[in-house]
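Chains, contacts and geometry: an overview
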Amino acid sequence: MAQFPSLKNDTFLRALLRQPTEYTPIWMMRQAGRYLPEYRATRARAGSFLGLATNPDYATEVTLQPLERYQLDAAILFSDILTVPDAMGLGLYFADGEGPKFERPLRDEKAVMALQAPDMGSLDYVFKAVTQIRHALDGRVPLIGFSGSPWTLACYMVEGGGSDDFRTVKTMLYQRPDLMRHILETNATAVATYLNAQIDAGAQAVMIFDTWGGVLADGVYQAFSLRYMAEVVRQLKRDKDGVKIPAIAFTKGGGLWLEEIADIGVDAVGVDWTVNLGHARERVGHKVALQGNLDPLVLFAGHEQIRAEVRKVLASFGRPQEGVGHVFNLGHGISQFTSPDAVTVLVETVREMSQEMRH
């Protein structure tokens, strides 16, 4: 058992567990990424995105970069949601300017029925990175591990990459729900095993990214996305060596279903920028903490506008109190074109204004 340095700032974990905090903690989806010149320099050294993501030294370096610049309250493992389908043998590659693609997408019954949860040994580079990052953080802030949701992974696995209309995956869902369920059950097992291995390696919280849940119709979302996220959560390790490991679920476009997402057993629900935080707080009550939800494109406005929009988000959530929790975040990942100075304004403003609200 690796002995890790003790945690110096647990504000993020306390907010997830709806315990009192001195200020509202903040981290950002994609905080280690292309908007940072130091990230671009490391990526150039690594030679490619996959070269970066599969090398624990590089992954550690880029995970820590935003923490050197900003007073963030959590680090998130630098990785990609498609590591799991890649380990299932679908042949992940990145086409220039086109994002991720699979050489062997799941297009017929034979391919679907042959699908199996991967051997976690093939993802060992991820777990090595988790342990290495945890040591490198030296207890500064907690480390978040993550995975894509079973449905979101299925979208890439069937489409063979990103999609505008999800025609291929939705056709399978409606025409051959039996095949889609086989993919989702396999993915749920794989995701739970993968997240538990990250927890064993040192992750102190885990997040399930359901990026494409919001493209589903009501009723279909519950049957083909939420059900399988609940299955993942059911299998998760919820504590490690007597310390609770909080879990967060985030469905982009999932504002309609907050109560149902809150019921799957997670500690926190992430919300995108279309959701009114105050209403969300009323709807989920004391059941879960909330994470979100500034529109990432606010960061392209002037500094005063950024401050005003941060104030609106904090005011919308309302005064912090025992039994409710808020983690400040963007409503989705930070844009690669964002100025690093805008992020400084964001992070400092959240700390300053949220402290004022508590006095």
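Structural data are supplied above this passage.
Anyway, here's the lowdown on the structure attached to this text. (Residues numbered from 1 in each chain as written. Predicted model: local features only at pLDDT ≥ 70, side-chain atom pairs only at ≥ 80, totals over all residues. Heavy atoms only, no water.)

**What to know about the packing of aromatic side chains**
The final tally for this structure, using the stated rule, is seven aromatic pairs. Note on Phe49 and Phe94: the rings are 4.9 Å apart at their centroids and 50° apart in plane angle, and the pair reads as tilted. Here Phe94 lies in strand 2 (residues 92-95) and Phe49 lies in helix 3 (residues 49-53), a separation of 45 residues in the sequence. Judged by its relative accessible area of 12%, Phe49 is buried. Through pairs of rings, three or more aromatic residues link up here, namely Tyr39, Phe49, Phe78 and Phe94. Between the NZ or CZ atom of Arg281 and the centre of the ring of Phe317, over which it lies, the distance is 4.6 Å. Positioned over the ring face of Tyr23 is Arg351, at 3.7 Å from the centre of the ring. (Phe/Tyr/Trp six-rings, centres within 6.5 Å; stacked < 30°, edge-to-face > 60°. Helix = DSSP H or I, 4+ residues; strand = E, 2+ residues; numbered from the N terminus. Buried < 20%, exposed > 50% of the residue type's maximum accessible area, 1.4 Å probe, protein only. Lys NZ or Arg CZ within 6 Å of the ring centre and 35° of its normal.)

**What to know about the sheet that holds strand 4 (residues 143-148)**
Spatially, seven strands are ordered 1-4-5-8-9-10-11 in an open sheet, and the strand pairing comes out parallel. Two strands close off the open sheet at either side, each with one partner strand: strand 1 (75-76) and strand 11 (326-330). (Pairing = 2+ DSSP bridges.)

**Considerations on the environment of Gly255**
Relative to the helices and strands, Gly255 resides in the loop between strand 8 (247-251) and helix 12 (258-262). Along the chain, Gly255 and Gly270 lie 15 residues apart, while their C-alpha atoms are 9.5 Å from each other. Apart from residues no more than four positions distant in its own chain, Gly255 is found in contact with Val275 and Arg283. (Contact = heavy atoms within 4.5 Å.)

**Structural notes on a nonpolar patch on the surface**
Residues Leu297, Phe300 and Phe337 make up a contiguous nonpolar surface patch of about 360 Å² in total accessible area. Along the chain, the position of Leu297 falls in the loop between strand 10 (289-294) and helix 14 (303-317). (Patch = residues over 30% accessible without salt bridge, like charges linked within 9 Å, V, L, I, M, F, W, Y side chains within 5 Å. Areas by Shrake-Rupley, 256 points an atom, 1.4 Å probe, with all protein chains shown as cover. Salt bridge = Lys/Arg side-chain N within 4 Å of Asp/Glu carboxyl O.)

**Some words on the pairing of strand 11**
Of all five residues in strand 11, five are buried; the element is thus mostly enclosed. What you see with strand 11 is no split at all: His326, Phe328 and Leu330 on one side and Val327 and Asn329 on the other are buried throughout. Alignment of strand 10 against strand 11, held across five bridges, turns out to be parallel. Following the sheet pairing, Gln291 is matched in strand 11 by Val327. For the crossover from strand 10 across helix 14 to strand 11, the handedness is right-handed. (Right-handed = clockwise from strand over helix to strand, strands pointing away.)

**Some details on helix 8 (residues 150-159)**
The buried fraction of helix 8 is high, at 10 of 10 residues. Listed as buried for helix 8 are Pro150, Trp151, Thr152, Leu153, Ala154, Cys155, Tyr156, Met157, Val158 and Glu159. Downstream of helix 8 by one or two residues, Gly160 has phi in the positive range, about 85°.

**Let's talk about the side chain of Asp80**
Note on placement: Asp80 falls in the loop between strand 1 and helix 5 (83-90). Of the side chains bearing the opposite charge, Arg30 lies closest to the buried Asp80, which forms no salt bridge; the N-O distance is 8.1 Å. At 2.8 Å, the side chain of Asp80 and the backbone nitrogen of Leu82 are in polar contact. Among all residues touching Asp80, those that are not within four sequence positions of it are Phe49, Phe94 and Phe146. (Lys, Arg positive; Asp, Glu negative; His and termini not counted. Polar contact = N/O pair within 3.5 Å; in protein donor to acceptor, adjacent residues only side chain to side chain.)

**Points about the nonpolar core**
Counting 132 residues, the largest nonpolar core has Phe12, Trp27, Met180 and Leu346 as its most contacted members. Here this core gets 13 residues from one element, more than from any other, and that element is helix 10 (residues 177-201). Sequence-distant contacts of Trp27, defined by excluding residues within four places in its chain, comprise Phe12, Leu72, Ala74, Ile76, Ile144, Met207, Phe209, Gln291, Val327, Phe328 and Asn329. (Core = buried A, V, L, I, M, F, W, Y, C linked by side-chain atoms within 4.5 Å.)

**Examining the side chain of Thr63**
Mapped onto the elements of the fold, Thr63 is located in helix 4 (residues 56-69). Accessibility expressed as a relative area gives 1% for Thr63, which makes it buried. Within the structure, Thr63 has its side chain in polar contact with the backbone nitrogen of Phe78 (distance 3.1 Å).

**So, unusual backbone geometry**
Most of the time, phi is negative for any residue but glycine, and the peptide bond is trans. Cis geometry marks the peptide bond from Gly292 to Asn293; its omega dihedral reads 0°. With respect to the helices, strands and loops of the structure, Asn293 is situated in strand 10. Of note in the backbone geometry, Arg30 takes a positive phi value of approximately 65° without being a glycine. The phi torsion at Asp138 lies on the positive side, around 55°, for a residue other than glycine. A relative accessible area of 42% means that Asp138 is categorised as partly exposed.

Fair warning: the whole summary comes from geometry, so function is off the table for now.
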